[in-house]
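Coordinates in review
The primary structure of each chain is shown beneath.
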Amino acid sequence: MARDLGCQVYAYGFPTNTRCRGALIVHHKKMKGMGGSADPSIHDAENLVVLCGGVTGRDGHHGEVHDYPAEAYDCGLLIRR
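Just so it is clear, the model here is predicted, and its values are computed rather than measured.

Our next topic: the pattern of salt bridges. As a working rule, side chains carrying opposite charge can pair if their charged atoms are close by. One pass over the structure, following the stated rule, counts one salt bridge. For arginine 58, the salt bridge is made with aspartate 67, and the minimal N-O distance between the two is 3.4 Å. On the basis of relative accessibility, which here comes to 43%, the residue arginine 58 falls in the partly exposed class.

Written as structure tokens, this is what we have:
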């Protein structure tokens, strides 16, 4: 996203001790769910943030956000539906 100049994990205060690695990807704070979502607001800018995702998209900080959901919800990188 044009507004994000790199991985935003530190801007949200997500507790990590690792450095950014890999390609940048767009992360949905409110998750799409398996098979996507019929909710068009799922792709609104307010719901999107850039994170490093490594080679697979599940590496890097994007993987950590999904591996540690309690911390991600606490800092706003995941939002409940």
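So, next bit.
This paragraph deals with the environment of leucine 77. Structurally, leucine 77 is set in the segment after helix 2 (69–75). In the structure, leucine 77 is positioned 65 residues away from tyrosine 12 in sequence and 7.0 Å away in space, judged by C-alpha atoms. Discounting chain neighbours no more than four positions away, the residues touching leucine 77 are Val9, Tyr12, Phe14, His27, Lys29, Val49, Leu51, Val65 and Ala72.

Another point: the nonpolar core. A general trend in soluble globular proteins is that nonpolar side chains are found buried together. Counting 11 residues, the largest nonpolar core is built from Cys7, Val9, Phe14, Val49, Leu51, Cys52, Val65, Ala72, Cys75, Leu77 and Leu78. Among the secondary structure elements, those contributing two or more residues to this core are strand 2 (48–52) and helix 2. By residue number, the principal contributor to this core is strand 2, which donates three residues. Setting aside residues no more than four positions away along its own chain, phenylalanine 14 makes contact with Val9, Glu64, Val65, Tyr68, Glu71, Ala72, Cys75 and Leu77.

Moving on, we come to the environment of leucine 78. Position of leucine 78 relative to the elements: it lies in the segment after helix 2. Residues within four places of leucine 78 in sequence aside, it is in contact with His27, His28, Lys29, Met31, Val65, His66, Pro69, Ala72 and Tyr73.

With that settled, the discussion passes to the packing of aromatic side chains. One pass over the full model with this rule turns up zero aromatic pairs. The ring of tyrosine 73 carries arginine 80 above its face, with NZ or CZ at 3.9 Å from the centroid.

Further remarks concern helix 1 (residues 60–67). Across the eight residues that make up helix 1, a large majority, six, are buried. Every buried residue belonging to helix 1 is among Gly60, His61, His62, Gly63, Glu64 and Val65, and all of these are buried. In this fold, the buried residues of helix 1 make contact with strand 1 (24–28), strand 2 and helix 2.

When a strand is regular, its side chains alternate between the sheet's two faces. Most of strand 2 is tucked away: five of the five residues are buried. Pairing geometry for strand 1 and strand 2, over five bridges, is antiparallel. Looking at strand 2, one finds that isoleucine 25 is bridged to leucine 51.

What follows deals with the side chain of histidine 61. Along the chain, histidine 61 falls in helix 1. The exposure class of histidine 61 is buried, given its relative accessible area of 0%. In this view, histidine 61 contacts Cys7, Val9, Tyr10, Thr16, Thr18, Arg19, Cys20 and Cys52; residues no more than four positions away in its chain are not counted.

Parameters at a glance
- Residues numbered from 1 in each chain as written.
- Predicted model: local features only at pLDDT ≥ 70, side-chain atom pairs only at ≥ 80, totals over all residues.
- Heavy atoms only, no water.
- Salt bridge = Lys/Arg side-chain N within 4 Å of Asp/Glu carboxyl O.
- Buried < 20%, exposed > 50% of the residue type's maximum accessible area, 1.4 Å probe, protein only.
- Helix = DSSP H or I, 4+ residues; strand = E, 2+ residues; numbered from the N terminus.
- Contact = heavy atoms within 4.5 Å.
- Core = buried A, V, L, I, M, F, W, Y, C linked by side-chain atoms within 4.5 Å.
- Phe/Tyr/Trp six-rings, centres within 6.5 Å; stacked < 30°, edge-to-face > 60°.
- Lys NZ or Arg CZ within 6 Å of the ring centre and 35° of its normal.
- Pairing = 2+ DSSP bridges.

All quantities given are derived from atomic positions and should not be read as evidence of function.
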